[in-house]
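# Topology and contacts: notes
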Amino acid sequence: MAAAGAAGQEKQLAPTLLSFFIYNPKLGPKEGEEEKKILFYHPNEVEKNEKIRNVGLCEAIVQFTRTFSPTKPAKSLHTQKNRQFFHEPEENFWMVMVVRNPIIEKHKDGKPVYEYQEEELLDKVYSSVLQQCYSMYKLFNGTFLRAMEDGGVKVLKERLEKFFHRYLQTLHLQSCDLLDVFCGISFFPLDKMTYLKIQSFINRMEESLNIVKYTAFLYNDQLIWSGLEQDDMRILYKYLTTSLFPRHMEPELAGRDSPIRAEMPGNLQHYGRFLTGPLNLNDPDTKCRFPKIFVNTDDTYEELHLIVYKAMSAAVCFMIDASIPPTLEFCRKLDSIVGPQLTVLASDICEQYNINKRISGAEKEPQFKFIYFNHMNLAEKSTIHMRKTPSVSLASVHPDLMKILGDINSDFSRGETMDEMQTLQLLQPC
Amino acid sequence: MAAAAGRQPPGPAEGEAPAAGREAGAGGEEGEGRAKGGVEAGGCYLALCARPVHFEKANPVNCVFFDEANKQVFAVRSGGATGVVVKGLEDRNPISFRMEDKGEVKCIKFSLGNKILAVQRTLKSVTKNANILGFCWTSSTEIVFITDQGIEFYQVLPEKRTLKLLKNQSINVNWYMYCPESSVILLSTTVLGNVLQPFYFKSGTMSKLSKFEIELPAAPKSSKLSLSERDIAMATIYGQLYVLYLRHHSRTSNSTGAEVVLYHLPREGSCKKTHILKLNRTGKFALNVVDNLVVVHHQDTETSVIFDIKLKGEFDGSTTIHQFVLPPRSIQPYQIPVAGPPSVTSQAPVPCKLYSSSWIVFQPDIIISASEGYLWSLQVKLEPVVNLLVDKGKLMDFLLQRKECKMVILSVCSQMLSEPERGSLSVIATVFDKLNNEYKKYLEAEQSYTMVVETGLSRSNPLLKRPVRTQAVIDQSDMYTHVLSVFTEKKEAPHKFTIAVLMEYIRSLNQFQIAVQHYLYELVIKTLVQHNLFYMLHQFLQYHVLSDSKPLACLLLSLESIYPPAHQLSLDMLKRLSTANDEIVEVLLSKHQVLAALRFIRGIGGHDSISARKFLDAAKQAEDEMLFYTIFRFFEQRNQRLRGNPSFTPGEHCEEHVTFFKQVFGEQALMKPTTF
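A brief structural summary. Computed from a predicted model, the values in this text were never measured in an experiment. (Residues numbered from 1 in each chain as written. Chains lettered and ligands numbered in written order. Predicted model: local features only at pLDDT ≥ 70, side-chain atom pairs only at ≥ 80, totals over all residues. Heavy atoms only, no water.)

### What about the interface of chain B and chain A?
To keep things clear, this is the line we draw: Note on contacts: a residue pair is in contact if any heavy atoms of the two residues lie within 4.5 Å. When two parts are put together, the accessible area they lose, computed with a 1.4 Å probe and summed over both, is reported as buried area. Salt bridge, as used here: a side-chain nitrogen of Lys or Arg that lies within 4 Å of a carboxyl oxygen of Asp or Glu. Polar contact is the term for a pair of N or O atoms within 3.5 Å; when the atoms are in protein, one must be able to donate a hydrogen and the other to accept it, and sequence-neighboring residues count only if both atoms are side-chain atoms. Secondary structure elements are taken from DSSP: a helix is a run of H or I of four residues or more, a strand is a run of E of two residues or more, and numbering for both begins at the N terminus.
Opposite the 27 residues of chain B that make contact, chain A presents 28 residues. Regarding the contact of chain B and chain A, the summed buried area is about 2,300 Å², with carbon and sulfur atoms giving 60% of it. Among the residues of chain B in contact with chain A, Lys 496, Tyr 535 and Tyr 543 of chain B are the three that bury the most area, contributing 32% of the side total. Lys 496 of chain B is the partner of Glu 206 of chain A in a salt bridge, and the nearest nitrogen-oxygen pair spans 3.0 Å. Seen at the junction of chain B and chain A, the total is 10 residue pairs in polar contact (both at pLDDT 80 or more). For the side of chain B that touches chain A, the elements supplying multiple residues, two or more each, are helix H5 (425-454), helix H7 (495-511), helix H9 (534-542) and helix H11 (565-577) of chain B. Here the side of chain B that touches chain A gets 9 residues from one element, more than from any other, and that element is H7 of chain B.

Here's what the structure looks like:
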């Protein structure tokens, strides 16, 4: 009776981002200069001394755990209300993310009572989210160290501020799950012949647009070919599928900016258009600015322009050396060469895909629910997730089951390392 | 050059007035014409054969005749009284004999096989009041006489030295033409001469094919013979018989020049105009057919052009109009070897006068110089064509139809892959597709032949022949040996291009559903590995672009030290092959993955027959005591199950392992035989 009434008023509050900061202890080693260590702090409104205190605490925890495991200091700190995740992506550069545990809000005697669910969050999931924050930053800005070399702390701070100010708003911590641990790549299933046609197309395009260094090809938001190395592709794929493509989905669905350009000379009608770069090729004043990305940062450290061009469901990413600024003339050439061929190819793929689907009977509801991940090629497949959008993860199973799956996964990976020190469980509320 | 499609012997009677409609005045311009044609010596794609037939040149006492059926030249001295010498392109040993001089020889020919000689000395026929136009042998014992009043088909009975009339047909004949290749005689009938009546001869039968009319360029002014035999030729092109008509430029029509009109003459059905070859010039012409190409010689410019009716032309609904394939070129300059023993003659060989007015041209490929006493066959040279045909697709279409094309095609392929004439990928793709189209056609023919033979249907079809592999069939091994392996080894091209070319070839093979040989995959893998492009390799394997095979799996296995995931990729491939279970077990054991090997073999139900010693060896090498214990126990249990006793038999050679087990785990750890 009372329980039923109480249950009816129960409210679940999802985990949220409390704070996120980046520091380097070497930047302010002297007492009184602690603020210099802080490179980025979210939320910025927090009072200076609290920032310093929080950074200092993290430093102390890391230092403390290092005495037990010199190479692998703590990765997370569990408290009653929240959980902190530590990540050192570059030497002495620390990233910390503090996530508030999910809460169940109950009403007792008319007053709200909050119950923190300490065991709900999965370390592996949020550690991975934190690592991806760095990878995404690095993709668009290069390494922290490179920024320091370019213009010292000032430049690094500017870049961090500019990037994370927007990026953190898109984190959607409540919908993170096991798939974020893998950060895998969904590959588009394709028959050999169509695949070879795509290969042939890419090779010819790289030849005609001779400044292209790397190419990636996607269909239906799934990868078919990557000329980039695996780790760079992994993060670029995440950017494309969770940020760039969804942003362009809505105008497409609304049927705006109808892509058929009947005024094309030679009657070359096609559906190709730029997702990055110029909006209107016929406007001589249009800007041909493309996002810059950084790849192979451990090795050759290449800076590239990212051109994303799409026709129907097929998207191609052309990456060209950043030292060659793409001109409007180049964009027009690309459009006239790639557009018609990509349009034909996209409809070929679609046709072939439908044939294969009919043969394999894949249209039916999958018989088994599974998450597949191949660590060698990062191939990922899930029948649990209907469709993952950046804001909502539509898992078709109960959240409890997702959590169990997550636990199993971390048990497996813990089995490999047998390192309990990675997680520090604090029994006292913090 | 006297005749366009000459048939009559180049005797002293040569030098008739040019036929109506022909541009006159060729004779006087010889010197200038040569200068025009001779300038461009490079790129001569036509040549006279290196070993011509030499005969005594025509003079008042020596008459020279040519027989198209046997391709023999007859030099008849003094009507045969002082000797007849017969020489041919094929039979190099001359035949010499004498015969009584019974007057001027009009025509002289051996039957097929050189058994019987027929000689014509008069124009008048004995029996009827008709003029004999000539005769031709259609077999070793069958002969056809053509008179101005009809055609008579006889069988020769050599024992009785008589002729037996098999068939005759009365018809007014202006002139006739014989095509020995197809055993067809063409008669020119009607007053204008432009209605042609073909007859076909085969083993004692003469059949009349449907007659047809040649369209004359302009309505003739008077009722006189308007179609000369000099403007007609017959030849087999791509296995089909064609009548070629040289239609001269007429001032009344607005055509830009003369043209050759091809009439297709099928064995059954009616003759149809099918192709028009545009010459774009006027003057004196002669025709040859070489390697299924129509060659048109032009005396005024001393150049020749070639046409290929299989190449794409302009189709107007009924006929296809063709332009010449290559720019006009002269026949390659030719040196006449100086007669006499080599020791005596030290002087330089004499250049031969090409396109001379004393040249006579016969079908399909014969050129005779009566004044110099030479008979040549005309040849097409393919190497110069490569540089004359810029469009590589068209070049391939052209080369693939030629007899001796293989090495030229392979060299074109090599050329387009390397600097300085590197082709674009789309050109390379087009070339590969054309080659594989031809390759696939052959594979299909071969396959259906094999199927018919295997199913025993061949007995009911005696005409069935194994498909001929022409030089145009360029298979994967040819491409690998002559083009691709050389190209990848040279390493002068950027690796991106190398890989793109290999993938393009594989793409083309797949497109034509030709199974790709593993050495091509090996080439791809080697190139990728050389440039550390393992992720690309991984993606190719993921989409099964590199098809599964044992050699490929082994190659992958060998890459494990530089690319660890190759190990798993290799195992997955072996598993998919499902014929490589032993290999999988070996691979796993070599990696000391003994349990995995055992699980695998149990999964496929082979665990009762495997060697215990092999597994125990591997377990011991793994230096993992628990593993050894597990494996040892597994086999003890197997022994128990199979033989009712857990101990090993001497035949299993496991004594060493039993001792080791006892050492480590103690005697009491051995499994006790179960007693009931």
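Structure's up, so let's keep going.
### Describing the side chain of His 298 of chain B
Residues and elements named next belong to chain B. With respect to the helices, strands and loops of the structure, His 298 is situated in strand S23 (residues 293-298). In this structure the side chain of His 298 is engaged in a polar contact, spanning 2.7 Å, whose partner is the backbone oxygen of Thr 282. Sequence-distant contacts of His 298, defined by excluding residues within four places in its chain, comprise Arg 281, Thr 282, Gly 283, Lys 284, Phe 285, Thr 303 and Tyr 355.

### Side note on the packing of aromatic side chains
All names here are of chain A. Under the convention used in this document: Each Phe, Tyr or Trp ring, with Trp reduced to its six-membered ring, pairs with another whose centre is within 6.5 Å; inter-plane angles below 30 degrees give stacked pairs, above 60 give edge-to-face pairs, and intermediate values give tilted ones. Burial classes follow relative accessibility: with a 1.4 Å probe on protein chains only, a residue under 20% of its type's maximum area counts as buried, one over 50% as exposed, and anything between as partly exposed.
The final tally for this structure, using the stated rule, is 50 aromatic pairs over all chains. A centroid spacing of 4.7 Å and a plane angle of 75 degrees characterise the contact between Phe 140 and Tyr 239, whose relative ring orientation is edge-to-face. Remark: Tyr 239 occurs in helix H7 (residues 230-254) and Phe 140 occurs in helix H3 (residues 123-141); sequence separation between them is 99 residues. In terms of burial, Phe 140 and Tyr 239 fall into one category: buried.

### Points about the sheet that holds strand S5 (residues 84-88) of chain B
Residue and element names in this part refer to chain B. We count it as follows: Pairs of strands are assigned from DSSP output, requiring at least two bridges between the strands. Whenever a helix is involved, its axis is fitted only over the stretch in contact; in every case the axis is a line through C-alpha atoms, and angles between N-to-C directions fall within 0 to 180 degrees.
A sheet is described by the order of its strands in space; here 4 strands give the open sequence S3-S4-S5-S6, paired in antiparallel fashion. Looking at the sheet topology across the chains shown, the edges are occupied by strand S3 (62-67) and strand S6 (95-97). Each adjacent strand pair in this sheet contributes to an overall mean axis angle of 15 degrees, direction not counted.

### Thoughts on helix H8 (residues 518-530) of chain B
Going by this rule: Here the expected length of a helix is defined as 1.5 Å per residue gap, with one fewer gap than residues.
With 13 residues, H8 of chain B extends 18 Å between its outermost C-alpha atoms, agreeing within 8% with the 18 Å of an ideal straight helix rising 1.5 Å per residue. When we look at burial in H8 of chain B, the residues that qualify are Leu 520, Tyr 521, Glu 522, Leu 523, Val 524, Ile 525, Thr 527, Leu 528 and Val 529 of chain B. Tucked inside the fold, the buried residues of H8 of chain B contact helix H6 (192-208) of chain A together with helix H6 (476-490), H7, H9 and helix H10 (550-558) of chain B. Once H8 of chain B finishes, Asn 532 of chain B follows within two positions and takes phi at roughly 55 degrees, a positive value.

### As for the packing of helix H3 (residues 392-400) of chain B against helix H4 (residues 406-417) of chain B
Helix-helix packing is described using two parameters, namely the angle between the two axes and the distance between the axes. Residue and element names in this part refer to chain B. This is how it is decided: Put simply, angles under 35 degrees are roughly parallel, angles over 145 are roughly antiparallel, angles from 65 to 115 are roughly perpendicular, and the rest are oblique. Throughout, a crossing is termed right-handed when the near helix is turned clockwise from the far one, and left-handed when it is turned anticlockwise from it by less than a right angle. Throughout this entry, Asp, Glu, Lys and Arg are counted as charged residues, while Ala, Val, Leu, Ile, Met, Phe, Trp, Tyr, Cys and Pro are counted as nonpolar. The remaining residues, Gly among them, count as polar.
At a closest axis distance of 10 Å, the pairing of H3 and H4 adopts a crossing angle of 165 degrees. Judged by the inter-axis angle, H3 sits roughly antiparallel to H4. At the point where H3 passes H4, the crossing takes the left-handed sense. Counting all contacts with H3, which are made through Lys 392, Leu 395, Met 396, Leu 399 and Leu 400, the residues of H4 involved are Val 408, Ile 409, Val 412, Gln 415 and Met 416. In the contact of H3 with H4, the residues fall into 8 nonpolar, 1 polar and 1 charged.

### Points about the sheet that holds strand S8 (residues 111-116) of chain A
By definition, the strands of a sheet pair up through backbone hydrogen bonds, in either a parallel or an antiparallel sense. Residue and element names in this part refer to chain A. Pairing is antiparallel in the open sheet, where 3 strands are placed in the order S1-S7-S8. Two strands close off the open sheet at either side, each with one partner strand: strand S1 (11-13) and S8. Strand-to-strand twist across the sheet, computed as the mean angle between neighbouring axes with direction ignored, equals 30 degrees. Bridge count for S1 against strand S7 (residues 103-108) is 3 bridges, and the pairing is antiparallel. Across the sheet, Gln 12 pairs through a bridge with Ile 104, a residue of S7.

### Comments concerning the pairing of strand S12 (residues 292-295) of chain A
All names here are of chain A. Looking at chain direction, S12 and strand S13 (residues 302-311) are connected through 4 bridges and run antiparallel. Within S13, the residue paired with Ile 293 across the bridge is Leu 304. The loop that links S12 with its antiparallel partner S13 comprises 6 residues; one of these, Asn 296, has a positive phi angle of about 50 degrees.

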